[in-house]
Amino acid sequence: SRRASAEASAEMLRRALGERTSRIRELAAFAADVESRRTSEPSAADVGSQRDALRVLQRAVAGLQPEARAAAGEERELRDRVAAEEACAEQERACADDGADAAEALTRLQAHLANMRGEYLATAQRCEALERRLADEASAEQPVESDVEERRWDGAFAE
């Protein structure tokens, strides 16, 4: 009977040990859950610190907003100036191209004018020769008119 009583006591101790082990596991799980909630929820001090930091940052942002607006305005002005400069540069390039074409055309016109002057001088010389011949033929009749006409032709083509 002692043996039966010892076995019954041992069995009772095993059950008590199992229950306590189970209770210890439950409490450990509960403690871990409480700890995880505690670390995921900020403390009152943490919340206060975060609010203070947020206020400081909001003041800094409020101070930067006028500067940001001014910078945006300057950016618009600079973009407008760049666009105007690019348009001006394009016009200058077009004018330079036109200027080169105009210079070439002017050179051609000058050569053409020089050619025409030569032709007019040759025509003037033929006219003068014709006038002289006609003047020689009619020299007795109109000597004064021949001299006037010759001076007129000399003055017209001397330029």
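Residues numbered from 1 in each chain as written. Predicted model: local features only at pLDDT ≥ 70, side-chain atom pairs only at ≥ 80, totals over all residues. Heavy atoms only, no water.

## Observations concerning the overall build of the protein
We count it as follows: A run of H or I in DSSP counts as a helix once it spans at least four residues, and a run of E counts as a strand once it spans at least two, with each numbered from the N terminus. Each residue is placed in one exposure class: buried if its accessible area under a 1.4 Å probe, protein chains only, is under 20% of its type's maximum, exposed if it is over 50%, and partly exposed if it falls in between. With residues, only the protein chains shown are counted as cover, and all accessible areas are computed by Shrake-Rupley using a 1.4 Å probe.
Along the backbone of the protein there are three helices and zero strands. Secondary structure elements of the protein occur, N-terminal to C-terminal, as α-α-α. Within the span of the protein, comprising 159 residues, buried residues form 3% of the whole. By element, 56% of the accessible surface of the protein is carried by carbon and sulfur atoms, the whole surface being about 14000 Å².

## Focus on the pattern of salt bridges
Side chains bearing opposite charge may pair, as long as their charged atoms lie close to each other. Under the convention used in this document: The salt bridge definition used is simple: a Lys or Arg side-chain nitrogen within 4 Å of an Asp or Glu carboxyl oxygen.
This structure, assessed with the given rule, holds eight salt bridges. The salt bridge partner of glutamate 11 is arginine 15, with a shortest N-O separation of 3.8 Å. With glutamate 11 and arginine 15 both in helix α1 (residues 2–40) and four residues apart, this pair spans about one turn of that helix. When its relative accessible area of 33% is taken as the criterion, glutamate 11 is described as partly exposed. Arginine 93 is the partner of glutamate 90 in a salt bridge, and the nearest nitrogen-oxygen pair spans 2.5 Å. Taken together, the residues span about one helical turn, with glutamate 90 and arginine 93 both in helix α2 (residues 44–137) at a distance of three residues.

As far as function goes, none of this settles anything; it's purely spatial.
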